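# Descriptive analysis of the structure
Listed here are the chains, written in short residue letters.
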Amino acid sequence: IIGNQLSYQPFGAFNVADNTAGHGDIYVAGAPALGGPRVQVVQTDGVAPPKVLFDTFAFETTFLGGVNVSTDGQYVVASAESKGGPAVVVYDLSGKQLSRFFAFDPLFTGGADAQIYNGVIYVTPGVGGGPVVEQFNLEGKSIGAFYGAPSNLRSGFDIVVAPDVTGITTIN
């Protein structure tokens, strides 16, 4: 994305999230499937060279299922993509791990999509899971849940959590 700062060659595309919540531009990259569980967070003001805030492995280095990433400008979440369990890891912008938890049954291996907005983590299961959207605080404690699609959906789905033009949080 920014020069060669976020490079996962030879694996091609990677998962990326960005946010400009008063911290300059924050870019978070998660390695794609076969790329390992690498998460890299970079900050730039658009003028100075990008600064790597942290670069870590969210899961065991042998995990090759890919990593979904999200940031709200204050925190970063990473979740195991396909063929992974429903693991979620939460970091602050210094790279300090704040929590690690399973959003669903640990035996579920369809992966998960975790998104963060205003300090609330929203997680949906991947393929094979139902259409539930679980909500967690930064410590990984469940604070709510709702269905984001018809209850018979089992194909998995990704979510986007952001304010709409009126400033109201929407989940798509």
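Residues numbered from 1 in each chain as written. Predicted model: local features only at pLDDT ≥ 70, side-chain atom pairs only at ≥ 80, totals over all residues. Heavy atoms only, no water.

Scanning the protein chain from N- to C-terminus turns up zero helices and 14 strands. When its helices and strands are written in sequence order, the protein chain yields β-β-β-β-β-β-β-β-β-β-β-β-β-β. Across the 172 residues of the protein chain, 48% fall into the buried class. Look at the contacts in the protein chain between residues 6 or more apart in sequence, and 40% of them connect residues 24 or more apart. Put simply, the protein chain shows about 8400 Å² of open surface, and 54% of that area lies on carbon and sulfur atoms. (Helix = DSSP H or I, 4+ residues; strand = E, 2+ residues; numbered from the N terminus. Buried < 20%, exposed > 50% of the residue type's maximum accessible area, 1.4 Å probe, protein only. Contact = heavy atoms within 4.5 Å. Areas by Shrake-Rupley, 256 points an atom, 1.4 Å probe, with all protein chains shown as cover.)

A few words now on the packing of aromatic side chains. Applying the stated criterion across every chain yields a total of three aromatic pairs. Here Phe101 and Phe136 contribute two aromatic rings whose centre-to-centre distance is 4.8 Å and whose plane-to-plane angle is 40 degrees, an arrangement assigned as tilted. One end of the pair, Phe101, is in strand S8 (residues 97-102); the other, Phe136, is in strand S11 (residues 132-136), with 35 residues separating them in the sequence. For the pair Phe101 and Phe136, a shared accessibility class is recorded, and that class is buried. (Phe/Tyr/Trp six-rings, centres within 6.5 Å; stacked < 30°, edge-to-face > 60°.)

To continue, consider the sheet that holds strand S7 (residues 87-92). Spatially, the four strands line up as an open sheet ordered S5-S6-S7-S8, and their pairing is antiparallel. The sheet is open, and its two borders are formed by strand S5 (67-71) and S8, each paired with just one other strand. Within the sheet, the average angular offset between the axes of one strand and its neighbour, ignoring direction, is 15 degrees. Judged from the five bridges that link them, S7 and S8 form a sheet pairing that is antiparallel. In the strand pairing of S8, Ala87 is matched with Phe102. (Pairing = 2+ DSSP bridges. Axes fitted to C-alpha atoms, helices over the stretch in contact; angles between N-to-C directions.)

With that settled, the discussion passes to the environment of Asn68. Of note, Asn68 is situated in strand S5. Judged by relative accessible area, which is 12%, Asn68 ranks as buried. Each C-alpha atom of the pair Asn68 and Ser79 lies 5.1 Å from the other, and the pair is 11 residues apart in sequence. Among the polar contacts made by the side chain of Asn68, one reaches the main-chain carbonyl oxygen of Ala112 at a distance of 2.8 Å. (Polar contact = N/O pair within 3.5 Å; in protein donor to acceptor, adjacent residues only side chain to side chain.)

Position of Val67 among the secondary structure elements: in strand S5. We classify Val67 as buried; its relative accessible area is 0%. A sequence separation of 21 residues divides Val67 from Val88, and the C-alpha atoms of the two residues are 9.9 Å apart.

Attention now moves to the sheet that holds strand S12 (residues 142-147). Ordered in space as S9-S10-S11-S12, the four strands form an open sheet in which the pairing is antiparallel. Unpaired on one side and paired on the other, strand S9 (112-117) and S12 mark the two borders of the sheet. This sheet shows a mean twist of 20 degrees between the axes of neighbouring strands, independent of strand direction. When strand S10 (residues 120-125) meets S11, the two strands line up antiparallel, connected through three bridges. The partner of Tyr122 across the bridge, within S11, is Gln135.

Quick look at the side chain of Gln135 now. Looking at the secondary structure, you find Gln135 in strand S11. Apart from the residues lying within four places of it in its own chain, the contact partners of Gln135 are Val120, Ile121, Tyr122, Lys141, Ser142, Ile143, Gly144, Ala145 and Phe146.

Here the focus is the environment of Leu138. By the secondary structure assignment, Leu138 is in the loop between S11 and S12. Along the sequence, Leu138 and Ile116 sit 22 residues apart, while their C-alpha atoms lie 9.3 Å from each other.

Our next topic: the confidence of the model for the protein chain. Overall, the predicted model of the protein chain reaches an average pLDDT of 80, with 78% of residues at or above 70. Here strand S14 (residues 169-171) is the element of the protein chain with the lowest mean pLDDT, 53, and S8 is the one with the highest, 97. (pLDDT = per-residue confidence, 0-100.)

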